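Observations on the model geometry
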Amino acid sequence: MDLAAPQFYVEVQYILNLAVFVFALVVQGVALVHCVTQKGEAFPAIGTLPKGAWLAILGVCLLLTLLFQISLFGLIGIAAGLIYLLDVRVGLRDITDGRGSW
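The rules behind these values
- Residues numbered from 1 in each chain as written.
- Predicted model: local features only at pLDDT ≥ 70, side-chain atom pairs only at ≥ 80, totals over all residues.
- Heavy atoms only, no water.
- Helix = DSSP H or I, 4+ residues; strand = E, 2+ residues; numbered from the N terminus.
- Buried < 20%, exposed > 50% of the residue type's maximum accessible area, 1.4 Å probe, protein only.
- Contact = heavy atoms within 4.5 Å.
- Areas by Shrake-Rupley, 256 points an atom, 1.4 Å probe, with all protein chains shown as cover.
- Expected span 1.5 Å × (residues − 1).
- Phe/Tyr/Trp six-rings, centres within 6.5 Å; stacked < 30°, edge-to-face > 60°.
- Core = buried A, V, L, I, M, F, W, Y, C linked by side-chain atoms within 4.5 Å.
- Polar contact = N/O pair within 3.5 Å; in protein donor to acceptor, adjacent residues only side chain to side chain.

Take the overall build of the chain next. Secondary structure assignment for the chain yields 4 helices and 0 strands. Taken from N to C terminus, the helices and strands of the chain fall in the order α-α-α-α. Across the 102 residues in the chain, those meeting the buried criterion constitute 26%. Excluding contacts between residues fewer than 6 apart, the proportion of contacts in the chain whose partners are at least 24 apart in sequence is 64%. A total accessible area of about 6,800 Å² is found for the chain, and carbon and sulfur atoms account for 72% of it.

As structure tokens, then:
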């Protein structure tokens, strides 16, 4: 009975690390694919970094997340991907569609 707790702890830690790693890959991958498919002229129109800078940020973060898995690089990559998806993507959608956010 004494050995059950350490084994359970290792399994939970592994599952949580795997969940965060998959979440990081999905967020960064979706952000990178969306960035690649957008027009470069729309980025300065919404007052953000140019397309090349976003591609470099997202690409390097994705590469570092793949190499080092869950570390500081993975968490920075999650933040960069979420900033792109929640801020830049919405602005690009408003510029290209013209329909607004609703």
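Another point: helix H3 (residues 51-68). Taking 1.5 Å per residue, 18 residues should reach 26 Å; H3 reaches 26 Å between its end C-alpha atoms and fits that length. Once H3 ends, the next one or two residues include Gln 69, with phi positive near 50 degrees.

A complete count under the given rule lists 2 aromatic pairs for this structure. An angle of 35 degrees between the planes, with centres 5.3 Å apart, marks the rings of Phe 68 and Phe 73 as tilted. Taking the relative accessible area as the measure of exposure, Phe 68 reaches 47% and is therefore partly exposed.

With 15 residues, the main nonpolar core has Cys 35, Phe 43, Trp 54, Leu 58, Tyr 84, Val 88 and Leu 92 as its most contacted residues. Per element, the largest residue contribution to this core is 5 residues, and it comes from helix H4 (residues 72-97). If we skip the residues at most four places from it in the chain, Leu 58 touches Ala 31, Leu 32, Cys 35, Ala 80, Gly 81 and Tyr 84.

Before going further, it helps to examine the side chain of Thr 65. Mapped onto the secondary structure, Thr 65 falls in helix H3. Excluding its chain neighbours within four sequence positions, the residues that come into contact with Thr 65 are Phe 21, Ala 24, Leu 25, Gln 28, Phe 73 and Gly 74.

What follows is about the environment of Gln 38. You can see Gln 38 is positioned in the loop between helix H1 (4-37) and helix H2 (42-45). A sequence separation of 13 residues divides Gln 38 from Lys 51, and the C-alpha atoms of the two residues are 8.3 Å apart. Setting aside residues no more than four positions away along its own chain, Gln 38 makes contact with Phe 43, Lys 51, Tyr 84, Leu 92 and Thr 96. Engagement of the side chain of Gln 38 in a polar contact is seen with the side chain of His 34, the distance being 3.3 Å.

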